[in-house]
Every structure is written in structure tokens, then in C-alpha cells.
2 protein chains.
Amino acid sequence: MNIVVIGGVAGGMSAAARARRLNEEASIIVLERGDYVSFANCGLPYHISGEIEDRSELLLHTPETLKSRLNLDVRLRTEAVRIDREKRTVTARGPEGEEELAYDALILSPGAATVMPPIEGLPHPSAHTLRTINDMDAIIARLSPLGEHPRAVVVGAGFIGLEAVEALRERGAAVSLVEFAPHVLPPIEAELASYVSGELARHDVDVREGTSVQAIADNDGAARLTLSDGSTLDADLVILATGVAPDSALAKDAGLELGERGAIVVDGYLQTSDPHIWAAGDAVQVRQRIGDQDLLGPVPLAAPANRHGRRAADAAILGAERAVDQVGDATAAPRVLGTAIVRVFGAVAALTGASRRTLDSLGVDYVTVHTHPADHAGYYPGAEQMHIVAHFRRSDGLLLGAHIVGGNGVANRINVFATALKAGMTASDLADLDLAYAPPFGSAKDPVQMTGFTAQNILADLMPVWYAEDLDEVRESSLLLDTRSAGECARGMVSGSLNVPHTEVRERLEEIREAAAGRPIAVLCASGVRSYLATRILREKGFEARNLSGGAETLAHVRSDWAD
Amino acid sequence: MNIVVIGGVAGGMSAAARARRLNEEASIIVLERGDYVSFANCGLPYHISGEIEDRSELLLHTPETLKSRLNLDVRLRTEAVRIDREKRTVTARGPEGEEELAYDALILSPGAATVMPPIEGLPHPSAHTLRTINDMDAIIARLSPLGEHPRAVVVGAGFIGLEAVEALRERGAAVSLVEFAPHVLPPIEAELASYVSGELARHDVDVREGTSVQAIADNDGAARLTLSDGSTLDADLVILATGVAPDSALAKDAGLELGERGAIVVDGYLQTSDPHIWAAGDAVQVRQRIGDQDLLGPVPLAAPANRHGRRAADAAILGAERAVDQVGDATAAPRVLGTAIVRVFGAVAALTGASRRTLDSLGVDYVTVHTHPADHAGYYPGAEQMHIVAHFRRSDGLLLGAHIVGGNGVANRINVFATALKAGMTASDLADLDLAYAPPFGSAKDPVQMTGFTAQNILADLMPVWYAEDLDEVRESSLLLDTRSAGECARGMVSGSLNVPHTEVRERLEEIREAAAGRPIAVLCASGVRSYLATRILREKGFEARNLSGGAETLAHVRSDWAD
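These numbers come from a predicted model, not from an experiment.

Participant: I keep staring at the overall build of chain A and nothing clicks. Help me out?
Facilitator: A count of helices and strands for chain A gives 17 helices and 30 strands. A compact globule built from 564 residues should have a C-alpha radius of gyration of about 24 Å, and chain A, at 27 Å, falls within 12% of that. Each principal axis of the C-alpha atoms in chain A carries an extent, and together these give about 90 × 65 × 40 Å. Split into buried and exposed, the 564 residues of chain A put 62% on the buried side. Relative to all contacts within chain A whose residues are 6 or more apart in sequence, the contacts with residues 24 or more apart total 63%. Carbon and sulfur atoms provide 47% of the accessible area of chain A, an area that totals close to 20,300 Å². Side-chain charges in chain A split into 52 positive and 77 negative, and the spacing between the mean points of these groups amounts to 3 Å.

Take a look at the structure:
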């Protein structure tokens, strides 16, 4: 059996290794156009920062180790230039010329390529992408002679962009970060992104949100960037982290079916429209299940690439029926959740599943929950607060997505949400989870559970909520009742609101009734807990009361001008 | 509406608080026989150690704060001495005498009490339990005058016992730990418990496993303990952490139905056999779902107590139909997983779901998987290895239980397993999880996923396994093939085994065939990964080969005498 794998990182390498484990006799050729195979591309920023001191740590394998370990024939600097599906051959162009390779099974893992932003003056010698070992080497080579405080600009504040910012600051660079979207980390909800931009600012990163780079030009041996707001930035190094697109040209030329944004269409077993060709990784079309709908497109993440490579090899060698992965709906694209995490200095941001924007675009009816729990019991030292935004389907409480910013414990809880999401859990299921509790690790009511409890209360109409982004409207229509202590309110409150500490609500009902004058009451406190108690009292007493989801903590991150 | 709650910690306090939030008009009386209400009982060891410096941190509420916040009538030092179900009254005996309290809804949360072990000479002034603030105060009062190096004995190496050991060592005590079961932390699998006992030994704890205390006697102002092996231990302080039993005497006297080990029988909404009485916490009977079977009994854990208290109040006030928790099978006992975690110095041990012993007792046909993954990408600094033992049903790969010992990342992965377990996930579901990956937080193939992959390979018969506990038998019947490097083997290997490094298996097949002489081949390496590759080669070449689950790493923790 002749197996050809195109692409020697993540998906391709997982496929090749699995193929060998399943079939000792097959010829397995891996074509990798770059200079390295099976390298740790997610680790590149951490060698730039110096955290990973030894560059060789990133080179997990060489053609030699893969030969001795797995009897793979790995060919570096070798590009697949043509697929002849009729003849079942791939034309490979390497250092020694072209060769035609016959295949019984072809596995494509070409990955994604940086989408060059429309910046006048690109390419420019100061401007680098950060996708390969060569990119990393070039960035380090550029930084090294610049002394201790080079000037760097990172374009794009997604996951890679933020990791690049952190790495460059660790090296002592002065860093500007330019993001076209209204906030950094565009996939995460806005009220959480502002924690990230705050952390960036605390580490002296010059953050420019809602701004694009329009031109790059030479300026005295460095680069001068002109931004959309007319300002300029001078830089010794520019990193372009503006997003990627499937590198599916070869698949397209071969006439394979492509889907959204040029991604290769595959079934649940990673089979393409050609029964002899499978594909995995950043170039394939996957689906995110959101409620009852599937969102199709490429999702460039390392973890799905790896496991889909494994499954593709299973299907190619054993056949889909005997593959070890049981895929529910084999004809649909492989399902992913889009779980992702990033560390930004002392902050950790993570998400899984759908965002508000996606849900709105799909017309899903949902409620949003904001909580601010501590990562472990508050009475045990070192508890760190995290901030959770989670969405649930209104009709049945189905979890749709979760976003978290915090420190310790964020990775833990996003994994719980991701597992719950895959399982199709509801708010009630989250409330009934049995998570690990001892004071150093959690709370008797875990952050995920608290989020489930809160969602239950909203969905059961025990605690209707109002949202920070509706402040102006709510101010017009309602009495704002601030249930924090007088001392807290003295440091700032929404103008025109009435302060009744939550422990005084019972005895001051008449005062509240008079102030409301028939209007509904919009309750708030610092985090939403005390105001929940007040909301319950008021509702039990016949008032139309709603609680501010996430309290002033969230409000302050949505509206910096909230308090007088 | 008159609501009486018996017990003012965890379950009882959750119930009382929820009841108020649901009903502003009700009279809610909480009877607590102790001196404190709503205290952090899980935090007690950490004040003994000094980590929680301020004792008041453990006192989350007082009757006064609960009055002002929730309008609860909390009565300390008040015992419920009798329930008259006909009249619907509770007789409360407090500092000011007896009072008869009428109820429309009664919620019982009496908790559990330490089971006094059959030790001659108990009670003894040196011997304390560690369940209440008073216990903690007494322990600290006893330790304080003893100087820097008091001698302590902890009896029972369960969760509380281990936390007590750590706390006493932190205070400088010389500590002996006596455990009747064959290994410390009896609920966890033996091959993981030995990591915990190793960590205890590294911290100079004198561990006596498979040993019981038979007598305690005065000895020069201290205590002398006589152990089952005839040895003696002198101690200034003895902590009894030998397990608890439901404190269900009141419920029993009232004629409520009791179940396994005297636990109060409740339905999914925590209703007892009396429709006006609910119960939650350590005294109720819950069920652990294991495959298709339910295991009934009390499970004394804080997290279920808290959420069941909440649900009981929902059911008592709103009725089961309107309770926010949706309970699948309302007539069955509430379901728990028994998820638990403990820190023992630098080690973290955790489990969820079934153990081998439970599965064997229920006659479940299962496979066990051992993995030793790192908590995050190996190329990023600071990765810590964890050791996972997971059980899956043989027929369909259903996850049945998971046990982990390690450091960083254990809490994260046990929570993923617990969520997967609740969802009824299989090995294939674990393999297809989308967990958060960035180098500081995880791996492209997460520990849980690796465990799923490994289970898939075993279940699909791609990688049949043998287990460390069968070493003697395997040695008799098979060729032991050690696929580690010659250097590793030189430091010790199973006598009589053949060393062929995994990269040499392909070219040394004939040598292996001759050595096997028709016998099956039992392959091993350090962790099970390289030997997996070798096993696959051998099986593809027609050998009957099996891989040692968990490799020499696990073997060494099952059989300290494994290597020559």
C-alpha cells in the first residue's frame, strides 16, 4: 500500500504516524515543503521570549528519528505541485527535481497561510509572519542586533498576535498592538476583552483598537507605519498576525470540492470528495454545532488538526467502518468547538463554543450569564477572581458557549465548559456537575456550577436580568437601585440611582416604592450577588425588578463612563 | 409558611438561604446544635497548618449576618430532639429550654459523625476528631504548649487524614500515619496510592499501611498507641480520621425510611418518605451510576451537600415540578459521582466515578488504561507528569471512572473526566474532546484525550494490554520484551526479559522470534508509548504481542521488586 501525506506538521504528522502504527508494510511518504518536520509551531513565541531557552526543544522530530521510529520517508523542502486523481499520483518537487509518486491513499494537511492584509508597501523587510521555525529565526535575527529596547509593532490582536506581544515585551521591546476590530482578541466577548487590554496596558503595551495599518514605508533603516487614524508608528520589527486562510490551492487544482472560505470539504472521517483522498488540519472544513444549526468553515487549531490526522489515517487504512473513532453523523463535517486559550502576561483568556455575534447571526434565542467567581474557596489564600460570560438557549437552557478571563483556574473551567458543550449539557446539567473540591482547588459551588445556577434562575424567571450595554435605555425607563454599601457607592455610582444596601431593602420598601413611582426597578451591586438577593425580595413583594447581569464589575468593563 | 431546617452547615445552610430567596414571607428557623453556623469545614486543616492565618476566615456567617441578609432565624447550640410527623412539629432543645416548632416543610441536614474505631482506651484526652471549629480549636490548643516538635499520630489516611498529616507537618510535628487498609487513600487505585505514600515519606511522615490501632493508654502525660503489628507509638496528639456515618438517629426515630448504612432515603428532589420532609447532605442516600447499575449509599462530600440543599428548598417551596433543577428520574436517589481531590504536600490526588474494587463487586466487564502524560506541552518549561488510571466498559467504551495523581493540571483533568462521566461519554468521546491548548496550559493531545486514544486502541484490539499485577503469570507464559534503550535497561529490568530498543524491533524480528519460541510476547517500555509502537510492529508481523499498561512507571509502583 502506498500512502502519501502532504504536510509534515500537526495533522499530516499525526496521520503519517498513525498510518504506520496501523500498517507495518505500507510505503509512507511525507512531503514537507518547509525545512522542518513535526515542529512545535505553538511554541514559537516562547522561544522568542526566551522562556523556551533551547531552540531544539521545538524540533520534536527529524526525518531521521521518524525513519528509525516509524519507518517514514519524510522529504523536506519538497512541495506537492500536482495531484493526478485519475492516475492516483502526486508530483513532488524537491531539491533533486520532480518525482511522480503513486498513491493508494493520499492525506492532505497543507495547513493555512497568513492572509496578507491590504497594507501598501508590503512585503517589507521589517515585516514578518510567525508561523514557522524560519519565521521565528528571522524575527530573532532581526531583534538581536537592535539592542535592549527595539520598537515593535504587532498587527492583529488574535491569539498569535497576543502571544507575540507578550514575547516581545519579555525581550524588552517597546510594543504597539494594532487591531482592526473594535477590541483585542476579537473572538472573545467585548466585556471580557477589556480585561485583556487592561493587562496589556499595565505591561506598557500601546494598544490601538479599531485601527488598521494602511501603509508601511522605509524610514531611516526601520519602518514607518501609517494607521487608519492618520497617526504613524516607527518600528524596527513588524509582526503580521492578521489571520490565516486554508492553503487549499493544490486541492482546488485537483478538482476537490471546496467549501466555506476555500476549505476542503470532508466527511466525518475526513474523506474528501475523492474516495482515495483524505484531508485534516487548518485547510479542511469543519462544523461548529450551535444549538440545532451547523456553522461550516475552517477552524485553524492544533488540537483538532492532530486528532483529525489520526482519524484520517484510521479511515484510509482500516476503512471508516473499522476506524476506532465512532462518528455519529459520518456524512457531516467533523465537529469542533473552537476551544482556545491564551496567556497574556498575568491574564488568561479562553473560550469555547459560540459568541454573541455568532448566535445573533444565526438567530438563536439565548440568555447571557455573567459571573465573577474565585478560582478556589475564598477563605483559602491566593484565590483569583475569574470573569465568565456564558450563553444558554432560552427554550431549554442548552449551553451554547462560554468565555472566561482570569488567572489560575481558567484552563480548568474552560475545559469543563468544552466537555459540557460537546455533551450537549444544559444549565441544569452544569448545576448538577460533581467537580473536584478542596480549598486549594475549587469551591463547594464551583465557578461552572455557579454559572449554571445563575442561568437556571434567569431561565426560570426567578431572576430576570438587564445588561450593561442597555444602561442608557434602562436609565430612562427604570429606577436604578444600587444595593451596595454606602461606602462603595460613595466611590462612584450611576447618576440618578437610589442607594439602598441589600440588607436594608426589607425595611425601606416604601422608600423604594415611592422612588420607583410605578417604574420597573433595575437592581445592581458589585458582582450581581447582593442585588440578586434584593431582586428576589422585590419580586416577592410584587415589584417588577431585574438584576444587572455581572453587576458593576461587568458594567465598568462595558462602559468606562458608568459612574459619576 | 413555616420552614424548619435542621443543621446549619453546607446542605442545611444552602437550603435555608435558597428557601428565603424563593419565599420572602416564610418563617425560616435553622437549628444548629454546634456553636457555629455556616463555617468552612473543609478549611479546618488549613488553619491548623497556619496557611489560613485568620480563624475568622472560616466563619462565613453568623446568626446576625444571616438575619440581616436573609432574615433567617438561626439558633445555635440548639438540638432537634424529636420530630412529630403527625402534628408536623420539631422539638428543639436550646440554651433556654425546649420549644415545639410547627413546620409546613422540614429540611434535614444533620450531616455525618465520625465512626469511632474499636480502639481500647477511647475516648482519650489526646484523641481528637477534626469535623468542627471546636475540634480545630481543641487541636490547636493541645499543640500550642507542646513546643516546636510535638509527636502526632493520625489514624486514617483518607482525605481528611491526609490533610491533617500535611497540616501537622507544616506546624513542625513529627507525624505517624496509621491506615488499616493496604494503602493510603483507600478510595484511589493502589498503583497511584504509592505515589502518595512516596510523597509522604519524602516529607518524613512515618506511614504504617495495613495497620490498625488497637489500644491507646496514658504514658507520662501523653498517649501510647499499640498497633496491630505489636509496635507502639507515643503521641502528644492523636487525630481520628477513620471515616464517618450518617447522623440519622433523629430521622430514624421519626420513622423515616433509611437505606444503606443508615442513610436517609430520598428521591431525586431530596424528598424523604414523608412528603413534608426533605433531606440533604452527608446523611442522605445518593446513587452512583456505574454502567447500567446504581450503587446506593451515603457519600459525604461538600459539593453535593450544597447543591442538594438548594434543590431540596426548590422542591419544598416551588414543588418538584417547578424546581429549577431538571431531574431525569425523579423517583431515583440523587446522582453523584464521588469526585474528590486532595493535596498532599507537592502531590495532588483525585478521583471520580468507579474504582476497580467497585467494578469487580458489580461484575462489570471493563478495561483499565494507564497513562503518564505531562500537564502541558513538554517543550514548554515546567511540565509536570501526571499518572492516570481510567476504567472503560469493554462492550462500548463507556467511561466508568478515573483516578489521577500528579501536580499541576490534576484538578483540571479530573474535572474533565467528571464532566464526561456525568455525560455518559465513551473513550471515543474523550478522544474527540476539544480542550484548551496553548503551551503553558495543555498539549495538542491533552492527557484526557491521550487516555481516550489509549482506551480506543485497547478496545479495538489494536493494542491488547497486560497489567503490572500479572507480572508473575506473564513471566511464566510469555517472552518479556523490554523496548527501552540499553542504557535504561542497564539500570534495572525484569530478569529474563529481552532488551530490544523499539527502534531496532524491525531489524531484529528473527531474534525476537527465536527468543519467543512460540510464546506470546509481553512488551514493555518506561511509560507504554515506545512499547506500543513495538507492539504494533509485532502484531502486524503476526506475533501475539501485548503491551504493559502504563509501562515500567506503573510496574514500579505495583511491584517495588520488579527489576533486577
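Participant: Honestly, unusual backbone geometry in this entry has me stumped. Any pointers?
Facilitator: What is expected of a backbone is that most residues other than glycine have negative phi and most peptide bonds are trans. Residue and element names in this part refer to chain A. Across the junction of Leu122 and Pro123, the peptide omega takes the value -10 degrees, indicating a cis bond. Even without being glycine, Phe345 reaches a positive phi, approximately 55 degrees. Within the secondary structure, Phe345 is located in the loop between strand 21 (340–344) and strand 22 (347–353).

Participant: Before we go on, may I ask you to explain the relation of the copies chain B and chain A in this structure?
Facilitator: What relates the pair of chain copies is a rotation about an axis plus a shift along that axis. Note on the copies: chain B fits chain A at an RMSD of 0.0 Å, the axial shift is 0.0 Å, and the rotation between them is 180 degrees. This pairing of chains is accounted for by a two-fold axis. Closest approach to the rotation axis among the C-alpha atoms of chain B is made by Asn412 of chain B, whose C-alpha sits 2.1 Å away.

Participant: Sorry if this is basic, but what is going on with the confidence of the model for chain A here?
Facilitator: Should pLDDT be low for a region, the predicted coordinates there are not to be read in detail. Overall, the predicted model of chain A reaches an average pLDDT of 96, with 100% of residues at or above 70. Overall fold confidence (pTM) sits at 0.98, and the ipTM for the predicted complex is 0.98.

Participant: Can you walk me through the interface of chain B and chain A in this structure?
Facilitator: Interface size is often expressed as the accessible area that is lost when the parts come together. Taken together, the 89 residues of chain B in the interface contact 89 residues of chain A. Counting across the interface, chain B meets chain A through 12 salt bridges. Among the ionic pairs, Asp434 of chain B bridges to Arg307 of chain A, the shortest N-O distance being 3.1 Å. One can count 56 residue pairs in polar contact (both at pLDDT 80 or more) joining chain B with chain A. Counting only elements with at least two residues in the side of chain B that touches chain A, the list comes to helix 1 (10–22), helix 3 (63–70), helix 8 (302–318), strand 21 (340–344), helix 10 (410–423), helix 11 (427–431), helix 12 (447–459) and helix 16 (530–540) of chain B. Grouping the constituent residues of the side of chain B that touches chain A by class yields 44 nonpolar, 20 polar and 25 charged.

Participant: Honestly, the pattern of salt bridges in this entry has me stumped. Any pointers?
Facilitator: A side chain of one charge can pair with a side chain of the opposite charge when the charged atoms of the two come close. For the structure shown, the criterion picks out 84 salt bridges over all chains. Here Arg151 of chain A and Asp236 of chain A are joined by a salt bridge, their closest N and O atoms 3.0 Å apart. Taken as a pair, Arg151 of chain A in strand 10 (residues 151–155) and Asp236 of chain A in the loop between strand 15 (232–235) and strand 16 (237–240) lie far apart in primary sequence, 85 residues in all. Here Asp206 of chain B makes a salt bridge to Arg208 of chain B, at a shortest N to O gap of 2.9 Å.

Participant: Is there a simple way to think about the side chain of Asp325 of chain A in this case?
Facilitator: Relative to the helices and strands, Asp325 of chain A resides in the loop between helix 8 (302–318) and strand 21. Classification of Asp325 of chain A as buried rests on a relative accessible area of 5%. A polar side-chain atom of Asp325 of chain A sits 2.8 Å from a polar atom in the side chain of Arg311 of chain A. There is a polar contact of 2.5 Å between the side chain of Asp325 of chain A and the side chain of Gln456 of chain B. Ignoring any residue separated from it by four or fewer positions in sequence, one finds Asp325 of chain A in contact with Tyr269, Arg310, Arg311 and Asp314 of chain A together with Ser428, Ala431 and Gln456 of chain B.

Participant: Explain helix 16 of chain B to me, please; I cannot follow it from the model alone.
Facilitator: One turn of an α-helix holds 3.6 residues; hence residues three or four places apart share an orientation. Residues and elements named next belong to chain B. Among the 11 residues in helix 16, 9 count as buried, and that is most of the element. Regarding helix 16, the residues found buried are Arg530, Ser531, Tyr532, Leu533, Ala534, Thr535, Arg536, Ile537 and Leu538. Immediately beyond the C-terminal end of helix 16, within one or two residues, lies Gly542, with a positive phi of roughly 95 degrees.

Participant: Is there a simple way to explain the sheet that holds strand 14 (residues 222–227) of chain B in this structure?
Facilitator: In sheet architecture, strand pairing relies on hydrogen bonds along the backbone and comes in two forms, parallel and antiparallel. Residues and elements named next belong to chain B. The strand order 13-14-15 describes an open sheet built from 3 strands, whose pairing is antiparallel. Bordering the open sheet on either side are strand 13 (213–219) and strand 15 (232–235), each of which pairs with just one other strand. Across the sheet, the mean angle separating the axes of adjacent strands is 25 degrees when strand polarity is ignored. Sheet topology note: the strand 13/strand 14 ladder contains 6 bridges and is antiparallel. Bridge pairing links Ala217 to Arg224 in strand 14.

Participant: Looking at this structure, how should I read the packing of helix 1 of chain B against helix 8 of chain B?
Facilitator: Residues and elements named next belong to chain B. Where helix 1 contacts helix 8, the axes come no closer than 7 Å and their chain directions differ by 40 degrees. Helix-helix and strand crossings are classified by hand; for helix 1 and helix 8 the assignment is right-handed. Between helix 1 and helix 8, the residues in contact are Ala10, Gly11, Ser14, Ala15, Arg18, Ala19 and Leu22 and Ala305, Asn306, Gly309, Arg310, Ala313, Asp314, Ile317 and Leu318, respectively. Broken down by class, the residue content of the contact of helix 1 with helix 8 amounts to 8 nonpolar, 4 polar and 3 charged.

Participant: Would you mind showing me how to read the sheet that holds strand 10 (residues 151–155) of chain B here?
Facilitator: Residue and element names in this part refer to chain B. One open sheet holds the 5 strands; their spatial order is 9-16-10-11-12, and the pairing between them is parallel. Edge positions in the sheet fall to strand 9 (127–128) and strand 12 (206–209), since each has one partner strand and no second. Sheet analysis places strand 10 next to strand 11 (residues 174–179), joined by 5 bridges and oriented parallel. Residue Val153 lies in a different strand from strand 11, and its bridge partner there is Ser176.

Participant: Before we go on, may I ask you to explain helix 15 (residues 509–516) of chain B in this structure?
Facilitator: Residues and elements named next belong to chain B. For helix 15, the complete set of buried residues consists of Leu509, Ile512 and Ala516. Looking straight down helix 15, one finds its buried side chains confined to an arc of 60 degrees; they lie on one side. Check the buried side of helix 15 and you find it contacts strand 27 (479–482), strand 28 (498–499), strand 29 (521–524) and helix 16.

Participant: It is not clear to me how the environment of Gly94 of chain B should be interpreted in this structure. Could you clarify?
Facilitator: Here Gly94 of chain B shows up in strand 5 (residues 89–94). Each residue touching Gly94 of chain B, except ones within four places of it in the same chain, is listed here: Arg77 and Thr78 of chain B.

Participant: It is not clear to me how the environment of Asp329 of chain A should be interpreted in this structure. Could you clarify?
Facilitator: All names here are of chain A. With respect to the element layout, Asp329 can be found in the loop between helix 8 and strand 21. Asp329 sits 62 residues away from Asp267 along the chain, and the two C-alpha atoms are 8.8 Å apart. At 2.9 Å, the side chain of Asp329 and the side chain of Thr331 are in polar contact.

Participant: Would you explain the side chain of His502 of chain A in this entry?
Facilitator: Here His502 of chain A lies in the loop between strand 28 (498–499) and helix 15 (509–516). Residue His502 of chain A is classed as buried on the basis of its relative accessible area of 8%. A polar side-chain atom of His502 of chain A sits 3.4 Å from a polar atom in the side chain of Arg69 of chain B. Ignoring anything within four residues of it in the chain, the contact list for His502 of chain A reads Thr483, Arg530 and Leu533 of chain A together with Arg69 of chain B.

Participant: When you look at the packing of aromatic side chains in this model, what are you seeing that I'm missing?
Facilitator: When we look at a pair of aromatic rings, we describe it by the centre distance and by the angle of the planes. One pass over the structure, following the stated rule, counts 2 aromatic pairs over all chains. Where Tyr46 of chain A meets Tyr380 of chain B, the ring centres are 5.2 Å apart and the plane angle is 85 degrees; that geometry is what we call edge-to-face. Of this pair, Tyr46 of chain A sits in helix 2 (residues 44–48) while Tyr380 of chain B is found in the loop between strand 23 (366–371) and strand 24 (387–393), placing the two residues in two different chains. Exposure class is identical for Tyr46 of chain A and Tyr380 of chain B. Each is buried.

Participant: Just checking my understanding: could you explain the pairing of strand 16 of chain A for this structure?
Facilitator: Every regular strand shows the same layout, with side chains that alternate between the two sheet faces. All names here are of chain A. Going residue by residue along strand 16, you find Leu237 and Ile239 tucked away on one face and Val238 and Leu240 tucked away on the opposite face as well. Pairing geometry for strand 9 (residues 127–128) and strand 16, over 2 bridges, is parallel. Paired with Ala127 across the strands is Val238, a residue of strand 16. When strand 10 meets strand 16, the two strands line up parallel, connected through 4 bridges. Among the inter-strand pairings, Val153 is bridged to a residue of strand 16, identified as Val238.

Participant: Sorry if this is basic, but what is going on with the pairing of strand 21 of chain B here?
Facilitator: All names here are of chain B. Of all 5 residues making up strand 21, 5 are buried, and the element is well covered by its neighbours. Of the two faces of strand 21, the one lined by Ala340, Val342 and Val344 and the one lined by Ile341 and Arg343 are each fully buried. Examined bridge by bridge, strand 21 and strand 22 (residues 347–353) share 5 bridges and lie antiparallel to one another. By the bridge assignment, Val344 is partnered in strand 22 with Ala347. The hairpin formed by strand 21 and strand 22 contains 2 residues between the paired strands, and Phe345 there has a positive phi angle of roughly 55 degrees.

The rules behind these values
Residues numbered from 1 in each chain as written. Chains lettered and ligands numbered in written order. Predicted model: local features only at pLDDT ≥ 70, side-chain atom pairs only at ≥ 80, totals over all residues. Heavy atoms only, no water. Helix = DSSP H or I, 4+ residues; strand = E, 2+ residues; numbered from the N terminus. Rg over C-alpha atoms; globule rule 2.2 N^0.38 Å. Buried < 20%, exposed > 50% of the residue type's maximum accessible area, 1.4 Å probe, protein only. Contact = heavy atoms within 4.5 Å. Areas by Shrake-Rupley, 256 points an atom, 1.4 Å probe, with all protein chains shown as cover. Lys, Arg positive; Asp, Glu negative; His and termini not counted. Charge placed at Lys NZ, Arg CZ, Asp CG, Glu CD. Least-squares fit on C-alpha atoms with pLDDT ≥ 70 in both. pLDDT = per-residue confidence, 0-100. Salt bridge = Lys/Arg side-chain N within 4 Å of Asp/Glu carboxyl O. Polar contact = N/O pair within 3.5 Å; in protein donor to acceptor, adjacent residues only side chain to side chain. Nonpolar A, V, L, I, M, F, W, Y, C, P; charged D, E, K, R; others polar. Pairing = 2+ DSSP bridges. Axes fitted to C-alpha atoms, helices over the stretch in contact; angles between N-to-C directions. Left-handed = near helix turned anticlockwise from the far one by under 90°. Arc of directions from axis to C-beta. Phe/Tyr/Trp six-rings, centres within 6.5 Å; stacked < 30°, edge-to-face > 60°.

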